[in-house]
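Given next are the chains, with one letter for each unit.
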Amino acid sequence: MDRLQVVLYSDAEMAERGIRSYREMQAEIPATADAKELQYVKCVANYVVAALDSEDQSRFDWEVTVFDNEQANAFALPGGKIGVYNGLFSVAVNQHQLAAVMAHEVGHVLASHSNERASQSALRNIGVAAAQILGASTSALEIFDVGTRYGIFLPFNRTQEGEADAIGVTLMSEAGFNPEESINLWVNMSANGGPRPPELLSTHPSPSSRMAELRRLMPPANALRDSANSRGLSPDCILF
Ligand SMILES: [Zn+2]
């Protein structure tokens, strides 16, 4: 990444927040009762995580949960905690498309995007807090706390989305998945027309500009995929 990032928190601190949020979600949203769904998502996740360099592989304790929820959505939190809603299977219709989503989410984690979001949120709140102190009204600390606590689930911006797409396409290709399917995924997303998934579509570039950018990434991505396949790395994850 060739831009400056404002990050206020340590990796360990962000990992702790990510894990705490993940455990809360696991307590609130039921996991799928279908063992095959979990097996399928784990299969794809294993290939994606195996394609990380050794430092990123060991940086977190990677973990996958499949939530029983109709949203076509997925996320990855600092600390290496990945969540997939089983509603995603109606949009990401094969292992390559699922890998495209998961590698994109992992890309957000690798690029410390949550740290950036939480930091921006905290800085904004310091501004609010300073104003509040001057006005001597609501507890400044309270405002600060609420903003940072939820900072972990604020939407990503376009720059971050572009970075996650680039990292994700590279990663899925290195894992041996077909990067062309990342474009088909966006065709499916556009055609789906249902409720807009919060992470995958909310603040994102329009699907057409996103697909154009992904097409630009295809030549090097296809070369990475060919190389992976020729080394015998050919994922075979199937949802029965
Ligand atoms: Zn994203």
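The text that follows walks through the structure, step by step, so that each part is easy to find. (Residues numbered from 1 in each chain as written. Predicted model: local features only at pLDDT ≥ 70, side-chain atom pairs only at ≥ 80, totals over all residues.)

## Some words on helix 2 (residues 35–50)
No. 1: The end-to-end C-alpha distance of helix 2, which contains 16 residues, comes to 22 Å, matching closely the 22 Å that a straight helix rising 1.5 Å per residue would cover.
No. 2: Along helix 2, the positions that sit buried rather than exposed are Tyr40, Val41, Val44, Ala45, Tyr47, Val48 and Val49.
No. 3: In this fold, the buried residues of helix 2 make contact with helix 3 (54–59), strand 1 (63–67), strand 3 (81–85), helix 4 (95–110) and helix 7 (158–174). (Helix = DSSP H or I, 4+ residues; strand = E, 2+ residues; numbered from the N terminus. Expected span 1.5 Å × (residues − 1). Buried ≥ 20, exposed ≤ 12 C-beta atoms within 10 Å, placed from the backbone. Contact = placed C-beta atoms within 7 Å.)

## Observations concerning the nonpolar core
No. 1: Residues Val44, Val48, Ala99, Met102, Met172 and Ala175 are the most contacted members of the largest nonpolar core, which totals 50 residues.
No. 2: The element that contributes the greatest number of residues to this core is helix 4, accounting for 9 residues.
No. 3: Excluding its chain neighbours within four sequence positions, the residues that come into contact with alanine 175 are Tyr47, Val48, Ala50, Ala51, Ala99, Ala228 and Pro235. (Core = buried A, V, L, I, M, F, W, Y, C linked by C-beta atoms within 7 Å.)

## Overview of the packing of helix 4 against helix 7
No. 1: Helix 7 packs onto helix 4 with a crossing angle of 120° between their chain directions and a minimal axis gap of 7 Å. On the basis of their axis angle, the class for helix 4 and helix 7 is oblique. Judged by the sense of rotation from one axis to the other, the crossing of helix 4 with helix 7 is right-handed. Of the residues in helix 7, those in contact with Ala99, Ala100, Ala103, His104, Val106, Gly107, His108 and Leu110 of helix 4 are Gln160, Glu163, Ala164, Asp165, Ile167, Gly168, Leu171 and Met172. (Axes fitted to C-alpha atoms, helices over the stretch in contact; angles between N-to-C directions. Parallel < 35°, antiparallel > 145°, perpendicular 65-115°, else oblique. Left-handed = near helix turned anticlockwise from the far one by under 90°.)

## Observations regarding the sheet that holds strand 3
No. 1: Pairing in this open sheet of 3 strands is mixed, and the strands run 1-3-2 from one edge to the other. The open sheet has two edge strands with one neighbour each: strand 1 and strand 2 (74–77). If you compare each strand with its neighbour and ignore which way they point, the axes differ by 15° on average.
No. 2: Summarising the sheet, strand 1 and strand 3 pair through 5 bridges and their orientation is parallel. Note that in strand 3 the partner of glutamate 63 across the bridge is lysine 81.
No. 3: Lying over the sheet, helix 2 contacts strand 1 and strand 3, oriented at roughly 145° with respect to strand 1.
No. 4: Helix-sheet contacts for helix 4 involve strand 2 and strand 3, and the interaxial angle to strand 2 is about 30°. (Pairing = 2+ DSSP bridges.)

These figures capture arrangement, not role.
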